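Read off the chains here:
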Amino acid sequence: QVQLVESGGGLVQAGGPLRLSCAASGSIFRGNTMGWYRQAPGKQRELVATITSGGTTNYVDSVKGRFTISRENAKNTVYLQMNSLKPEDTAVYYCNLKFLLYDYWGQGTQVTVSS
C-alpha cells in the first residue's frame, strides 16, 4: 500500500507563485510515475503534469511555461512549482502515483487564485 500526503496549497493572488509538495510512503517500487491532477468545481479531474522516475515530464498545454514538476527519488517526493498563477488555475490539486496496474491518490489540497 502507498500513502500520498500533499502540502503547500492555499490562497494566492493572480500572477503569484505557489509550490505544492507530495510525499509518498509505503511499498514504493522503482519505475513509477508521479504526477499532479486538478479538479475545479463542476469540472472533471484533469491531468496537470507527470514525471517518470527517470525524469521525463509531461504537461497539459494550459500550464506549459508556467508550472514545473520535479521529484526527489531518494525522498519519494514530487513537487509542482506554479508560477504566473491565473484564476482559472483554482482547483483541488491531487497527487498521483502510478506503477503497473496500481494507481494511488492523495487527499487533495486546495489552490485558490484571486483576481
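Remember, it's a predicted structure, so these values are computed and weren't measured experimentally.

Caption draft 1: Inspection of the state of the cysteines at higher detail. In total, this model carries 1 disulfide according to the counting rule given. Covalent S-S linkage joins Cys22 and Cys95, the inter-sulfur distance amounting to 2.0 Å. Judged by the torsion about the S-S bond (-85°), the Cys22/Cys95 disulfide is left-handed. Of the two residues, Cys22 sits in strand E3 (residues 18–26) while Cys95 sits in strand E9 (residues 91–99), which places them 73 residues apart along the sequence.

Caption draft 2: Up close: the side chain of Ser21. One can find Ser21 in strand E3. Apart from the residues lying within four places of it in its own chain, the contact partners of Ser21 are Val5, Glu6, Ser7, Trp36, Val78 and Tyr79.

Caption draft 3: Fine view of the sheet that holds strand E1 (residues 2–7). Strands sit in the order E1-E3-E8-E7 across an open sheet of 4 strands; the sheet is antiparallel. Every other strand in the sheet has two partners, leaving E1 and strand E7 (67–72) as the edge strands with one partner each. Geometrically, the sheet is characterised by an average inter-axis angle of 15° between neighbouring strands, direction not taken into account. Here 6 bridges tie E7 to strand E8 (residues 77–82), and the two strands are oriented antiparallel to one another. Bridged to Phe67 within E8 is Met82.

Conventions used here
Residues numbered from 1 in each chain as written. Predicted model: local features only at pLDDT ≥ 70, side-chain atom pairs only at ≥ 80, totals over all residues. Heavy atoms only, no water. Disulfide = S-S within 2.5 Å. Helix = DSSP H or I, 4+ residues; strand = E, 2+ residues; numbered from the N terminus. Contact = heavy atoms within 4.5 Å. Pairing = 2+ DSSP bridges. Axes fitted to C-alpha atoms, helices over the stretch in contact; angles between N-to-C directions.

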